Amino acid sequence: MRRSLLPISLVAVLAACPSSKPNKPTVAPPPPERVISAFRVADRMPAEVTYAGLARSLSVFVDGLRAALRPLRVLERSLTPDRIDAVLRRSLGWNPLDLGELDDAGFDLDASVGFFSVGVEPTALLPIKSKKRLEKFLAARTTKLKVFIRRVKGRTHTSVALDSSARLSWVVLDGYLAMHISMRPAGVSSSDWKPTASWFDAIASKLPRGRSLSGSRALAWVLEGAGKRRDLAAYLDPPRFSKAAKAFGRAMPSSCEAHRAELSELPRVGAVALFKKARVDVALRAELGKSAAAALVKMTDGAPALPASIHDKAPLRLQIAFDANAIAQLSRRIGNRRCGPIFEVARELRYLPALFSAMPVLRYSAGRLAAALLKADERGQGTLHIEGAALIAPASDADSKRIAATLTLTGKPETIANKQVRVLSPSVNVAQTMRVFADATRIALTSGEGLMQALLAAPLGGASKGPRTLLSFHATPSGVADLRAPLKLVENRRPSISRYSRISRYRRHYRYGRYAPLDALGHLLSSYKQLDIDVKVDPDRGELRAGLRYSTR
């Protein structure tokens, strides 16, 4: 789970980069009417929101939730669509992810839907198709609950207690069901807490365009450059959210105030998404302070780049251009589990160097795996065939020499492109030989013929203009063999030294069919046609941009 938090943590930790003056926010013109018409629900939301989420239609929102749940199967194999539907029906009495049941409840599946907050507590706006069916649906769901009903500004305001610290309220309002969750503030006992209907003031009357979210600069900024990604949009104002959250959290240490000031380096975050059949395309952008953007750009200087001859057709590609140790140090500075969720998530980044524990001195790397195929001989013994290449830029000349010495303890010398490389045969279970080259600026590793020459000609980068790549990952799972192949290779081997104890345990679990996580990962990847993750920093605009694209079979 720690690894799964890293993309979110990377955005949060950027707020720690010191700056006396953040970038001036980009002022975008109001979005054109044809764009805003996709999110008509924004007419009902105030312009000054802490956070907001919008979907082009209720059916698209449900499809998006299902698409978001799909990758969670790597963590828990029981999270199948049928299992999730069954759990929802058993716990709620109905399934809010079933479009047929939503239609029967009286909701309009084709109208836009959204949620927002001017503080912390969320308010949702769900479109109504049949008020009569909706009233019948709500009555059936509240027969066993204590319901509070009163008139507020000529509207019927209904609420039920979820527990001692939260209450759900709703009002039918001009074609929408407005639902709000009220939370008991810190320091107020449940007996003294009396929720009010003040949340209703923000949406009670129709807002003019200049005061609604549909005409705000916030939404214009989110939709800028969205292209066809207009199924879903989201916006977050971290400083405003942090300030509002203080009223609902427990007493904070004085040190947390300094942490909250760091959020001025992350003025706003926005995201847009497209859901089309089995395809998902999400784009996130975060505005940065000047020094935060400069610090990220500096991390990319000297990052190696794989040549197109190696890069283009590889089913697996990875490029990393940030210093894990530097980000971990920033995380230790601002990460604090007592200061709220943003800083608790940022705290997880201190584990980032552990992902590179095999070679913790590496600063940049770019890799490509062309094929990983398991072949068996007549006795059933497995042999792993690998064709791939990797480029690494060490943190220093001393690190380069130390890594090179570790990699080239054995091997025959060979001259390629007037440079001496070492040819290794790492294992009887690997068919191809490996070639290793190292100097003060790079370490190149290849398995397969003709790749080393291309790597030695690859530029180390650092002089490019425009957006800089921090992280890039591409996978076409159909071109990769069974992920359990490496375990099969050691199935009949008996490691004798203690440092192989983990391999021995994996081998034992695989032999007796108990290594479920690897199976789950294999099944998950096999369900995708393509998976792409891309994170870049744009020094000209002072923004961090991240993209996630995948399609399923």
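Provided above is the structure to which this section pertains.
Residues numbered from 1 in each chain as written. Predicted model: local features only at pLDDT ≥ 70, side-chain atom pairs only at ≥ 80, totals over all residues. Heavy atoms only, no water.

Some points on the pattern of salt bridges
What the rule picks out here adds up to 19 salt bridges. In this structure, D43 and R40 form a salt bridge, with 2.8 Å as the shortest nitrogen-oxygen distance. Its relative accessible area of 15% is what places D43 among the buried residues. One salt bridge connects R89 with D98, and the closest N-O pair in it is separated by 3.0 Å. Its relative accessible area of 35% is what places R89 among the partly exposed residues. Three or more residues joined by partner-sharing salt bridges are found here, namely E224, R285, R541, E543 and R545. (Salt bridge = Lys/Arg side-chain N within 4 Å of Asp/Glu carboxyl O. Buried < 20%, exposed > 50% of the residue type's maximum accessible area, 1.4 Å probe, protein only.)

A word on the nonpolar core
L54, L125, I203 and L213 are the most contacted members of the largest nonpolar core, which has 30 residues in total. With 5 residues, the top contributor of residues to this core is helix α7 (residues 217-223). With sequence-adjacent residues up to four places away left out, L213 is seen in contact with A42, M45, P46, A47, V49, A52, L54 and L219. One finds L97, L102, A105 and M179 within the second-largest nonpolar core, a separate group that totals 22 residues. (Core = buried A, V, L, I, M, F, W, Y, C linked by side-chain atoms within 4.5 Å. Helix = DSSP H or I, 4+ residues; strand = E, 2+ residues; numbered from the N terminus. Contact = heavy atoms within 4.5 Å.)

Quick look at the pairing of strand β15 (residues 419-424)
Strand direction decides the pairing type here: strand β14 (residues 412-416) and β15, joined by 5 bridges, are antiparallel. Across the sheet, K412 pairs through a bridge with V423, a residue of β15. Adjacent in sequence and paired antiparallel, β14 and β15 are bridged by 2 residues, among which A417 carries a positive phi angle near 55°. For β15 and strand β16 (residues 434-438), the ladder comprises 3 bridges, and the chain directions are antiparallel. Residue V423 lies in a different strand from β16, and its bridge partner there is R435. (Pairing = 2+ DSSP bridges.)

With respect to the side chain of N95
Checked against the element boundaries, N95 lands in the loop between α4 (81-92) and α5 (99-104). Among residues more than four places away in sequence, those in contact with N95 are R66, D85, L88, R89 and E101.

A word on a nonpolar patch on the surface
Together, L145, V147 and I149 give the surface a local cluster of nonpolar side chains, amounting to about 260 Å² of exposed area. Structurally, L145 can be placed in the loop between α6 (131-141) and β4 (147-152). (Patch = residues over 30% accessible without salt bridge, like charges linked within 9 Å, V, L, I, M, F, W, Y side chains within 5 Å. Areas by Shrake-Rupley, 256 points an atom, 1.4 Å probe, with all protein chains shown as cover.)

Some words on the environment of A218
Among the structural elements, A218 can be located in helix α7. Sequence separation between A218 and L236 is 18 residues, and the spatial gap between their C-alpha atoms is 9.2 Å.

A short note on the pairing of strand β6 (residues 166-173)
On any regular strand, side chains alternate: one points to one face of the sheet, the next to the other face. With 7 of 8 residues buried, β6 is to be regarded as a mostly interior element. Pairing of strand β5 (residues 155-163) with β6, which is carried by 5 bridges, proceeds in the antiparallel orientation. The residue bridging D163 from the neighbouring strand is A166, located in β6. Connecting the antiparallel pair β5 and β6 is a turn made up of 2 residues. Note that β6 and strand β7 (residues 176-183) share 8 bridges and pair antiparallel.

Overview of unusual backbone geometry
Although it is not a glycine, A417 adopts a positive phi angle of roughly 55°. If you trace the backbone, A417 turns up in the loop between β14 and β15. Among the residues examined, A417 registers a relative accessible area of 44% and is labelled partly exposed.

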